[in-house]
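Now for the letters of each chain:
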Amino acid sequence: MKTIKSLYIVDDDKIYHFLFKNLLKQNGINVETTFFSNGLDAIEFIRKNKDDIELPDLILLDVNMPIMNGWQFLEEYEKIVQGLTKKPVIYMISSSNNEVDISKSKDFDGIVKDYYLKPICREDLEKMFVMEEV
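Note that this is a predicted model, so its numbers are computed, not measured.

## Regarding the side chain of Glu 76
Then, in step 1: Mapped onto the fold, Glu 76 is located in helix α3 (residues 70–80).
Then, in step 2: Here Arg 47 takes part through its side chain, which lies 2.5 Å from a polar atom of the side chain of Glu 76.
Then, in step 3: In this view, Glu 76 contacts Ile 43, Arg 47 and Met 68; residues no more than four positions away in its chain are not counted.

## Re the sheet that holds strand β5 (residues 112–117)
Then, in step 1: Ordered in space as β2-β1-β3-β4-β5, the five strands form an open sheet in which the pairing is parallel. Each edge of the open sheet is held by one strand with a lone partner, namely β2 (32–36) and β5. Ignoring strand direction, the axes of neighbouring strands in this sheet form an average angle of 20°.
Then, in step 2: Sheet topology note: the strand β4 (residues 89–94)/β5 ladder contains five bridges and is parallel. In the strand pairing of β5, Tyr 91 is matched with Asp 114.

Conventions adopted
Residues numbered from 1 in each chain as written. Predicted model: local features only at pLDDT ≥ 70, side-chain atom pairs only at ≥ 80, totals over all residues. Heavy atoms only, no water. Helix = DSSP H or I, 4+ residues; strand = E, 2+ residues; numbered from the N terminus. Polar contact = N/O pair within 3.5 Å; in protein donor to acceptor, adjacent residues only side chain to side chain. Contact = heavy atoms within 4.5 Å. Pairing = 2+ DSSP bridges. Axes fitted to C-alpha atoms, helices over the stretch in contact; angles between N-to-C directions.

Structure below.
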């Protein structure tokens, strides 16, 4: 099993940030967490640090955000993923249970591991934070 040491949350909802931090704490998950309010800030940060082994182990990506949404982030991420020293696991996290969104996440096979609905629960966390060694 691989330990998750670092996590990026790409989501514009500050309340979700607060609730997610508490959920991690309640479940004894100690992980370095960096928050981005939109996909553009996150993708620019990743581009600037693409050679850094400190890129996250895990990215939780919202679908609906201003400036750059989750789908636009993924389109940009596809362009740079091969050049990354470290390739984080990405989960889509959304309040949208629209089949179009869920199906679209499958179009990013090999990049998006799964799609979860908000609010995230303990069982979801357990699935996300158990990673097989690659």
